[in-house]
Amino acid sequence: ESRIWKRDLEGRKNEVLAGARFALLSNPAIDGKRLVFVRSTGRRDQVVMTRVNKHGGGHPIHTFRGSGYLWSTALEGGTAYVTVVSEGGIEIVSVD
C-alpha cells in the first residue's frame, strides 16, 4: 500500500491525501487545493491530478509507457510539469 501524507508539524496532525493498494505513489506537488503526483504500476506511469480533501483517486492527465519513468512533478497556475527520464534522455513535459 502506498500513500501520500500531508503533515502539519506545528499542529501535529497527519492527513492522507492519496492512497493506492497496487501502485506506487510518488513525487507529489501541491498548489493551493490541487495535488499532482506520479502513480506507477508495472505497465505504466501516470501523472494524476486531484483536489486536496476530495475522496477518490483523481484522474490521469499524462500517461507514459515504455522504458523509462516519470520523475519529479510541479504545479504552477493551471499547468502541471513532470520530468520524463528515458533511454532517449531527460525531458520536462507540461500538461494543461
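Residues numbered from 1 in each chain as written. Predicted model: local features only at pLDDT ≥ 70, side-chain atom pairs only at ≥ 80, totals over all residues. Heavy atoms only, no water.

What follows is about the pairing of strand β1 (residues 2-8). Walk down a regular strand and you will see the side chains alternate between the two sheet faces. In the sheet, β1 pairs with strand β2 (residues 13-20) via 7 bridges, with the strands oriented antiparallel. Of the residues in β2, the one forming a bridge with Asp 8 is Lys 13. Linkage of β1 to β2, two consecutive antiparallel strands, is achieved through a turn of 4 residues, within which Arg 12 is found at a positive phi near 55 degrees. (Pairing = 2+ DSSP bridges. Helix = DSSP H or I, 4+ residues; strand = E, 2+ residues; numbered from the N terminus.)

With that out of the way, let us pick up the packing of aromatic side chains. Summed over the entire model, instances satisfying the criterion amount to 1 aromatic pair. Between the aromatic rings of Tyr 69 and Trp 71, the centroid separation amounts to 6.1 Å while the plane-to-plane angle is 75 degrees, which identifies the pairing as edge-to-face. A relative accessible area of 40% places Tyr 69 in the partly exposed class. Under the relative-accessibility criterion, Trp 71 is labelled partly exposed at 49%. Over the ring of Trp 5 we find Arg 7; its NZ or CZ atom is 5.3 Å from the centre of that ring. (Phe/Tyr/Trp six-rings, centres within 6.5 Å; stacked < 30°, edge-to-face > 60°. Buried < 20%, exposed > 50% of the residue type's maximum accessible area, 1.4 Å probe, protein only. Lys NZ or Arg CZ within 6 Å of the ring centre and 35° of its normal.)

Further remarks concern the side chain of Thr 83. Looking at the secondary structure, you find Thr 83 in strand β8 (residues 79-86). Looking at Thr 83, its side chain comes within polar contact range of the side chain of Ser 72, at 3.0 Å. With residues near it in sequence (within four places) discarded, Thr 83 still touches Tyr 69, Leu 70, Trp 71, Ser 72, Ile 90, Glu 91 and Ile 92. (Polar contact = N/O pair within 3.5 Å; in protein donor to acceptor, adjacent residues only side chain to side chain. Contact = heavy atoms within 4.5 Å.)

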